[in-house]
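A closer look at the structure
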Amino acid sequence: MRRSTLLGSLATAALLAAGLPATASAAPVSTDAFTRAVAQLRAHSGGALVTDGQAFTLRNVQTDADGTEHVRLNRYQDGLPVLGGDTVVHLGKGNTWRGANHTLAAAPTRGAKARVSAAAAGRTALAASTAATRRVDGSQLVYDADAAGTALAYEVVVGGAYADGTPSELHVLVDATTGRVRDSWEGVQRDGTGNTFHSGTVTVGSTLSGTTYQLADATRGGHRTYDLNGGTTGTGTLVTSASNVFGDGTLANRQTAAADAAYGAQMTWDYYKTTFGRNGIRNDGVGAYSRVHYSANYANAFWQDSCFCMTYGDGGSGWYPLTSLDVAGHEMSHGVTSNTAGLRYSGESGGLNEATSDIFGTLVEFYANNAKDPGDYLIGEKLRTSGAPLRYMDKPSKDGASADCWSRSVGRLDVHYSSGVANHFFYLLAVGSGSSSYGNSPTCNGSTVTGIGNAKAGAIWYRALTTYMTSRTDYAGARTATLSAAKDLYGTGSVEYNTVAAAWSAVSVN
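What comes next is a walk through the structure. (Residues numbered from 1 in each chain as written. Predicted model: local features only at pLDDT ≥ 70, side-chain atom pairs only at ≥ 80, totals over all residues. Heavy atoms only, no water.)

**Some points on the overall build of the protein chain**
Operational definition: Numbered from the N terminus, helices here are DSSP runs of H or I no shorter than four residues, and strands are runs of E no shorter than two. Restricting the calculation to C-alpha atoms gives the radius of gyration, and the globule rule supplies 2.2 Å times the number of residues raised to the power 0.38. Contact between two residues is taken to exist if any of their heavy atoms lie within 4.5 Å; hydrogens are not considered. All accessible areas in this document rest on Shrake-Rupley with a 1.4 Å probe, and a residue is counted as covered only by the protein chains that are shown. Neither His nor the chain termini are counted; the positive set is Lys and Arg, and the negative set is Asp and Glu. In this description, the location of a charge corresponds to atom NZ of lysine, CZ of arginine, CG of aspartate or CD of glutamate.
Broken down by element type, the protein chain carries 12 helices and 23 strands. In terms of C-alpha radius of gyration, the protein chain reaches 22 Å, essentially the compact-globule figure of 24 Å for 510 residues. The principal-axis extents of the C-alpha atoms in the protein chain amount to approximately 65 × 55 × 45 Å. Residue pairs in contact within the protein chain that sit at least 24 positions apart in sequence constitute 61% of those at least 6 positions apart. Surface exposure of the protein chain reaches about 19300 Å², of which carbon and sulfur atoms provide 51%. Separation between the mean location of the 39 positive side-chain charges and that of the 41 negative ones in the protein chain comes to 5 Å.

**A short note on the side chain of Arg278**
With respect to the secondary-structure elements, Arg278 resides in the loop between α5 (255-276) and β17 (289-294). Dropping the residues within four chain positions of it, Arg278 is found in contact with Tyr272, Lys273, Asn283, Val336, Asn339, Thr340, Tyr462 and Thr466.

**Details of the packing of α5 against helix α6 (residues 325-338)**
As a reminder of what qualifies: Here an axis means a line fitted to C-alpha atoms, over the contact stretch when the element is a helix, while the angle between two N-to-C directions is reported on a 0 to 180 degree scale. Oblique is the label for any angle not covered by the other classes, which are roughly parallel (under 35 degrees), roughly antiparallel (over 145) and roughly perpendicular (65 to 115). The handedness criterion is simple: a crossing whose near helix is rotated anticlockwise from the far helix by less than a right angle is left-handed, and one whose near helix is rotated clockwise is right-handed. In this classification, Asp, Glu, Lys and Arg are treated as charged, Ala, Val, Leu, Ile, Met, Phe, Trp, Tyr, Cys and Pro as nonpolar, and every other residue, Gly included, as polar.
Orientation of α5 relative to α6, taken along the N-to-C sense of each, is 55°, at an axis distance of 9 Å. Of the possible angle classes, the one that applies to α5 and α6 is oblique. Judged by the sense of rotation from one axis to the other, the crossing of α5 with α6 is right-handed. Within the contact between the two elements, α5 uses Tyr263, Gly264, Ala265, Met267, Thr268 and Tyr272 and α6 uses Leu325, Ala328, Gly329, Met332, Ser333 and Val336. Of the residues that constitute the contact of α5 with α6, the class distribution is eight nonpolar, four polar and no charged.

**Quick notes on the packing of helix α9 (residues 420-430) against helix α12 (residues 495-506)**
Two elements in contact, α9 and α12, have axes separated by 9 Å at closest approach and are oriented at 140°. When the axes of α9 and α12 are compared, the pair comes out oblique. Considering the relative orientation of α9 and α12, their crossing is right-handed. Only Thr499, Val500, Ala503, Trp504 and Ala506 of α12 make contact with α9, whose side of the interface consists of Phe425, Leu428 and Leu429.

**A word on the nonpolar core**
Cut-off, in case you're wondering: Side-chain atoms within 4.5 Å are what join buried Ala, Val, Leu, Ile, Met, Phe, Trp, Tyr and Cys residues into a set we call a nonpolar core. Burial here depends on accessible area, computed with a 1.4 Å probe over protein chains only, as a share of the maximum for the residue type. Under 20% is buried, over 50% is exposed, and the range in between is partly exposed.
Counting 74 residues, the largest nonpolar core has Tyr312, Phe360, Phe425, Trp461, Met469 and Trp504 as the members making the most contacts within it. Per-element accounting of this core gives the leading share, nine residues, to α5. Once residues within four sequence positions are removed from consideration, Phe360 is found in contact with Tyr271, Tyr272, Phe276, Ser333, Gly458, Trp461, Tyr462 and Leu465. Of all hydrophobic cores here, the second largest spans 16 residues; its members include Val82, Tyr143, Leu170 and Ala176.

**Things to note about the sheet that holds strand β16 (residues 240-241)**
Across a sheet, paired strands are connected by hydrogen bonds in the backbone, their directions being either parallel or antiparallel. Note the threshold: Strands qualify as paired when DSSP identifies two bridges or more between them.
Judged by pairing direction, the sheet is antiparallel, and its three strands sit side by side in the order β11-β12-β16 without closing on themselves. Two strands bound the open sheet, and with one partner strand each, they are β11 (207-209) and β16. Here three bridges tie β11 to strand β12 (residues 212-214), and the two strands are oriented antiparallel to one another. Bridge pairing links Thr207 to Gln214 in β12.

**Some points on empty space enclosed by the protein**
The following threshold applies: Lining residues are defined by having an atom within 4 Å of a point belonging to a cavity or pocket. Those points lie on a 1 Å grid over the protein atoms alone, cavities being sets where a 1.4 Å probe fits but cannot get out and pockets being open sets with protein on both sides within 12 Å along at least five of seven lines. Grid points are joined across faces, edges and corners, and a volume is the space filled by probe spheres set on the points.
Inspection of the entire model under this criterion finds two cavities of 30 Å³ or more. Put simply, the largest cavity is a space of about 170 Å³. Arg220, His223, Ala265, Gln266 and Trp269 are the residues nearest the centre of the largest cavity, which is lined by 21 residues in total. Where the lining of the largest cavity is concerned, the elements lending two or more residues are β13 (216-217), β14 (223-227) and α5. Of the residues forming the lining of the largest cavity, the biggest block, six residues, is contributed by α5. When its residues are assigned to classes, the lining of the largest cavity shows 12 nonpolar, seven polar and two charged.

**Digging into the environment of Thr150**
Structurally, the position occupied by Thr150 is in strand β7 (residues 149-161). The spacing of Thr150 and Leu104 is 46 residues in sequence and 8.0 Å in space, taken between C-alpha atoms. The contacts of Thr150, once residues within four sequence positions are left out, are Leu104, Ala106, Ala107, Pro108, Thr109, Asp144 and Ala145.

**Considerations on α9**
Along α9, 11 of the 11 residues are buried, which leaves the element largely enclosed by surrounding structure. Just downstream of α9, Gly432 is the residue with a positive phi angle, here 105°.

**Focus: the pairing of β7**
Among the 13 residues of β7, 11 are classified as buried, and the element is accordingly described as predominantly covered. Sheet topology places strand β6 (residues 133-146) next to β7; 13 bridges connect them, and they run antiparallel. If you follow Thr133 over to β7, its bridge partner there is Ala161. A loop of two residues connects β6 with β7, the two strands running antiparallel in sequence.

**What to know about the packing of aromatic side chains**
What counts here: Between 30 and 60 degrees the pair is tilted, below 30 it is stacked and above 60 it is edge-to-face, where a pair is any two Phe, Tyr or Trp rings, Trp via its six-membered ring, whose centres lie within 6.5 Å. Charge-over-ring contacts are defined here by two conditions on Lys NZ or Arg CZ: a distance within 6 Å of the ring centre and an angle within 35 degrees of the ring normal.
Applying the stated criterion to the full structure yields 23 aromatic pairs. Centroid distance Phe360 to Tyr462: 6.4 Å. Interplanar angle 80°. Geometry classified as edge-to-face. Linking Phe360 in helix α7 (residues 347-368) with Tyr462 in helix α10 (residues 454-468), this pair joins segments that are 102 residues apart in sequence. Since its relative accessible area comes to 10%, Tyr462 is described here as buried. When the centroid spacing of 6.0 Å and the interplanar angle of 45° are considered together, the rings of Phe425 and Trp461 count as tilted. Residue Phe425 is found in helix α9, and its partner Trp461 is found in helix α10; the two are separated by 36 residues along the sequence. By the ring-pair criterion, three or more aromatic residues cluster together here, those being Tyr271, Tyr272, Phe276, Phe360, Tyr367 and Tyr462. The side chain of Arg282 reaches across the aromatic face of Phe308, ending 3.9 Å from its centre. Sitting over the face of the ring of Tyr490, Lys456 holds its NZ or CZ atom 5.7 Å from the ring centroid.

**Description of unusual backbone geometry**
Even without being a glycine, His293 presents a positive backbone phi close to 60°. In this structure, His293 sits in strand β17. Given the relative accessible area of 7%, His293 is considered buried. In this structure, Phe308 takes a positive phi of about 50° despite not being glycine.

Any functional reading would require information beyond the geometric quantities listed.
As structure tokens, then:
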């Protein structure tokens, strides 16, 4: 989702397009899979909309136990990135073609020329930002793909900060022919606000350096926790202790929030590792880092791809600090989405991006099984001093803004509210409709749905995200992706497959 190094991505593309590894350390199996996937893609160019002048780069390869490979690729036309043109190629044993997932409506038109200058596009992009401070941090020509086709556009990155102190990295797509804004999305993915109801006395990873213990977890990719001390830039100061005890459970001790953040990162890492075998957010064994005490009276938290880090505010009037388990799981799952499907943070794909974080934040909370913060299907229930959650998965509209059911207008909602459709789907899939100890969930079509449990529902969503969804997947595409995932895991016609279909129908995605 985040593209902070615009020119660097093109330099790498030139190497991979020629079938060469980008670096000497690139795994031979990945390079081989890339070469075979591109060859198969070109052999089946009609359905995949592969035309002259197109090149591809490798994002990642996922291999099933039976040897089936799922090769995720970025697409370029005449050297320009095709946003929304990413594809997943599926190869069976013996390099057999099993199809590809993509959302292109038409191949890019070759030889397109910009009629709008980069400077004019930059001014348009600046005007599109609502940040309090803003600047153009970069610009590049791209092909932007949507349901109507593809168009030449400038992707302009507008940096700055909002009035509450949250940094902004707004990606604005300005049509290179008409000068209008085609789309925009935030690169800094944030969600509402604080939690200081920490998780009680827990074990956190630490490292002894000399006579001082650092809040650095060597067993989870080297995750480290820093204190920004009210700052808004840099990493801050690494949290340390002479006694290997961090915090005392009160807000008077500033290490309490740091211990919560470290624990949230630890549980998120462990959930993905234990459940899916995923070795960190990027699946490369490298831990992100966390920053606490961001700004002053800041009632928010955010994930940022460019720093590969998680940041927490202390909250303000009516809020607690943002260090609850579901917030940590939610925000870090934005990183997982960014490194897999890359769901664009606008429209229906943005709602699916937010819902993915709500879903996995919830599952991290259940996985932790912490008596101080038991699993539930409420989002941010420990953030407000009033005790009111931010969002509800059983009936999302209880927050006053989220959608329970899909409609043609859902994509025009803020992504935190359009996510309600997928949140509702997941609740029905896992728990079922009607009354339970977790809530009372209606269906949009009056049907009754019997849930299949968190483990199976989570496995289906994870496989759909990592194997079938692409950057512009919408709700109809999510239905198809999760059905494909359920077929892979449990078989066509299985209870799990049929429940996925029923749950989507129950939220009006047919």
